[in-house]
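So you can see what is in the structure, the chains are spelled out below.
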Amino acid sequence: MTHETKMLAYSDKLGADEQVSMEEMISSRIFDEVHGLTDPMGEEDCNALGREILYNVLRKFRPDLFEQELTCYNCKWKGYESDMEKTVAKGNVPDLYERTDDGADSAVGECPECGALIEEA
Ligand SMILES: [Zn+2]
């Protein structure tokens, strides 16, 4: 593959860095599978790898298909749980129980812009 045809394979509607890192993820997964097996990959192994790669690509570029979009009541930031560094799921939200009335049932995490606690709608 020439450099030129490779460039044409990228979409200018998505970030170049994201596409390159996704491409590296796919290529390293294929490399690991191909070199980690003594037998050649069978049809089922290829199907499973294809499904895993598709999932990772969709998860990266279409998080809306998997996650609910969240809005910060304080600064109106909009995004997804995967954009947040401090989340209830990761267990790294400081003073979570002091900051919620309902034992944090609906809390998702901290707004990456202003640090307010974001809850599910
Ligand atoms: Zn905010």
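Quick caveat: nothing in here was measured; it's all calculated off a predicted structure.

## Overview of the environment of F66
No. 1: Tracing the sequence through the fold places F66 in the loop between α3 (43-61) and β1 (70-71).
No. 2: Residue classification places F66 among the exposed residues on the basis of 12 C-beta atoms within 10 Å.
No. 3: Linking F66 and Y55, residues eleven residues apart in sequence, is a C-alpha distance of 9.9 Å.

## Focus: the nonpolar core
A general tendency of soluble globular proteins is for nonpolar side chains to be buried together.
No. 1: Residues V88, V93, V108, C111, L117 and I118 constitute the largest nonpolar core, which totals six residues.
No. 2: Excluding residues that lie within four positions of it along the chain, V108 makes contacts with L70, E81, T87, V88, I118, E119 and E120.

## Digging into the confidence of the model for the protein chain
No. 1: Averaged over the protein chain, the pLDDT score is 87; the fraction of residues at 70 or greater is 90%.
No. 2: Highest mean pLDDT in the protein chain belongs to β1 (96); lowest belongs to helix α1 (residues 3-8) (56).

## A word on the domain arrangement of the protein chain
No. 1: For the protein chain, the assigned domains are domain 1 (14-61) and domain 2 (64-121).
No. 2: Using only C-alpha atoms to locate each centre, domain 1 and domain 2 end up separated by 30 Å.

## Things to note about unusual backbone geometry
No. 1: A positive phi is found at K76, a non-glycine position, where the angle reads about 70 degrees.
No. 2: In this structure, K76 sits in the loop between β1 and β2 (78-79).
No. 3: Judged by the 10 C-beta atoms lying within 10 Å of it, K76 falls in the exposed class.
No. 4: A positive phi angle, near 50 degrees, is found at D95, a position not held by glycine.
No. 5: Note that D95 resides in the loop between β2 and β3 (107-110).
No. 6: Since 8 C-beta atoms lie within 10 Å of it, D95 is described here as exposed.

The rules behind these values
- Note on numbering: residues in each chain are counted from 1, in written sequence order.
- Only residues with pLDDT of 70 or above have their local features reported here, since the model is predicted, and side-chain atom pairs are shown and tallied only from 80 upward, although totals for entire chains, interfaces and linings are computed over all residues.
- Helix numbering and strand numbering both begin at the N terminus, where a helix is a DSSP run of H or I of at least 4 residues and a strand a DSSP run of E of at least 2.
- Once C-beta atoms are placed from the backbone, each residue is buried if 20 or more other C-beta atoms lie within 10 Å of its own, exposed if 12 or fewer, and partly exposed for counts between those two.
- The term nonpolar core refers to a set of buried Ala, Val, Leu, Ile, Met, Phe, Trp, Tyr and Cys residues connected through C-beta atoms within 7 Å.
- The contact criterion used is a C-beta to C-beta distance within 7 Å, with each C-beta placed from the backbone.
- As a per-residue measure, pLDDT reflects the predictor's confidence and takes values from 0 up to 100.
- Note that the domain bounds reflect an automated or database-derived domain assignment.

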